[in-house]
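For reference, the chains in residue letters:
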Amino acid sequence: DAGVTQSPTHLIKTRGQQVTLRCSPKSGHDTVSWYQQALGQGPQFIFQYYEEEERQRGNFPDRFSGHQFPNYSSELNVNALLLGDSALYLCASSLGEQGTNVLTFGAGSRLTVL
Amino acid sequence: AQSVTQPDIHITVSEGASLELRCNYSYGATPYLFWYVQSPGQGLQLLLKYFSGDTLVQGIKGFEAEFKRSQSSFNLRKPSVHWSDAAEYFCAVVEVWGKFQFGAGTQVVVTP
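Rules used throughout
Residues numbered from 1 in each chain as written. Chains lettered and ligands numbered in written order. Predicted model: local features only at pLDDT ≥ 70, side-chain atom pairs only at ≥ 80, totals over all residues. Heavy atoms only, no water. Helix = DSSP H or I, 4+ residues; strand = E, 2+ residues; numbered from the N terminus. Rg over C-alpha atoms; globule rule 2.2 N^0.38 Å. Buried < 20%, exposed > 50% of the residue type's maximum accessible area, 1.4 Å probe, protein only. Contact = heavy atoms within 4.5 Å. Buried area = accessible area lost by both parts, 1.4 Å probe. Polar contact = N/O pair within 3.5 Å; in protein donor to acceptor, adjacent residues only side chain to side chain. Nonpolar A, V, L, I, M, F, W, Y, C, P; charged D, E, K, R; others polar. Phe/Tyr/Trp six-rings, centres within 6.5 Å; stacked < 30°, edge-to-face > 60°. Core = buried A, V, L, I, M, F, W, Y, C linked by side-chain atoms within 4.5 Å. Pairing = 2+ DSSP bridges. Salt bridge = Lys/Arg side-chain N within 4 Å of Asp/Glu carboxyl O.

Across its full length, chain A holds 0 helices and 11 strands. Listing every helix and strand of chain A by position from the N terminus yields β-β-β-β-β-β-β-β-β-β-β. Against the 2.2 N^0.38 benchmark of 13 Å for 114 residues, chain A shows a C-alpha radius of gyration of 13 Å, consistent with a compact globule. Along the first, second and third principal axes, the C-alpha atoms of chain A reach 40 × 25 × 25 Å.

Residues and elements named next belong to chain A. The linkage connecting Ser7 with the following residue, Pro8, adopts the cis geometry, with an omega of -10°. Take Pro8: it is sitting in the loop between β1 (5-7) and β2 (10-13). Non-glycine residue Ala80 carries a positive phi angle of around 45°. Here Ala80 is to be found in the loop between β8 (74-78) and β9 (87-94). Given a relative accessible area of 38%, Ala80 falls into the partly exposed group.

With 19 residues of chain B at the interface, the matching set in chain A holds 24 residues. Both sides of the chain B and chain A interface together cover about 1,600 Å² of buried area, and 59% of this is carbon and sulfur. At the junction of chain B and chain A, the tally comes to 3 residue pairs in polar contact (both at pLDDT 80 or more). At the level of elements, β5 (32-38), β6 (44-50) and β11 (100-102) of chain B are the ones that each hand at least two residues to the side of chain B that touches chain A. Among the residues making up the side of chain B that touches chain A, the classes are represented as 11 nonpolar, 6 polar and 2 charged.

Scanning the entire structure with this criterion turns up 19 aromatic pairs over all chains. Pairing B:Phe34 with B:Phe100 gives two aromatic rings, centres 4.7 Å apart and planes at 45°, and the pair type is tilted. With B:Phe34 in strand β5 and B:Phe100 in strand β11, the pair connects residues that are 66 residues apart, well separated along the chain. Given a relative accessible area of 0%, B:Phe34 falls into the buried group. Counting every residue linked through ring pairs, the aromatic cluster contains A:Tyr35, A:Phe45, A:Phe105, B:Tyr32, B:Phe34, B:Tyr36, B:Phe51, B:Phe90, B:Phe100 and B:Phe102.

The subject of this paragraph is the nonpolar core. Grouped together as the largest cluster of nonpolar side chains are 26 residues, with contacts concentrated most on B:Trp35, B:Leu48, B:Leu76 and B:Tyr89. Elements supplying a minimum of two residues to this core: β2 (10-14), β3 (19-21), β5, β6, β8 (64-68), β9 (73-78), β10 (87-94) and β12 (106-111) of chain B. Looking at which element gives the most residues to this core, the answer is β10(B), with 4 residues. Of all hydrophobic cores here, the second largest spans 20 residues; its members include A:Val19, A:Trp34, A:Tyr49 and A:Ala87.

So, on to the pairing of strand β3 (residues 19-24) of chain A. The pairing of β1(A) with β3(A) spans 3 bridges and is classified as antiparallel. By the bridge assignment for β3(A), A:Thr5 is matched with A:Ser24.

Time to look at the pattern of salt bridges. All names here are of chain B. Inspection of every chain in the model, using the stated rule, returns 8 salt bridges over all chains. Put simply, Glu64 and Arg77 hold a salt bridge, and the shortest N to O gap is 3.3 Å. Within this pair, whereas Glu64 is found in strand β8, its partner Arg77 is found in strand β9, the two being separated by 13 residues in sequence. For Arg77, a relative accessible area of 24% gives the class partly exposed. Between Asp85 and Lys78 there is a salt bridge whose closest N-O contact spans 2.8 Å. Judged on exposure class, the residue Asp85 and its partner Lys78 are both buried. One salt-bridge network, in which partners are shared between bridges, spans Glu64, Glu66 and Arg77.

The following block contains the structure:
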């Protein structure tokens, strides 16, 4: 049973560039959330997608955007990269927009901005 | 606004000794509380969760946590640690469902 898969695992970009990160949820899950984890910090909530719509959003600028596809997979896009965007980006999936189902996390995509 | 505090950034424990990791939260209503563990190069793995009911919760890998409303705490414990328990541990609370707020984490080092 495949868990949450993310790609790429590592990438390096320069300031001002754009990046797209991808996530496939665990089989049977339909909700995807994205988190940013800076070095030495806990994960910070970016947004959640359910039924191909952004349902909730954390305190992140509009440079951060996302998409969910009919097969429940998701993309995170970051435009106009800043040095401070360097972090581990975690995707988590769950079943249903609300309920008592917990998050299953992927291993993350580590983004370095130079 | 709610918050989650893990007072200990780093803990060193001997293999076979007991471990307790502290977590305090600030939240108006009855919280949903979680402990996750993150090993190097890995995502976060759920250890245990508390929604309601019995305040002592059992999790995987021999971990347990106790919810104390009067102290706004949800401390994680393990009676005897193994070298494989070396990892970073995160306490989290759910504000609006799906929007987890994590503490800054506690790094656990296990010595022989």
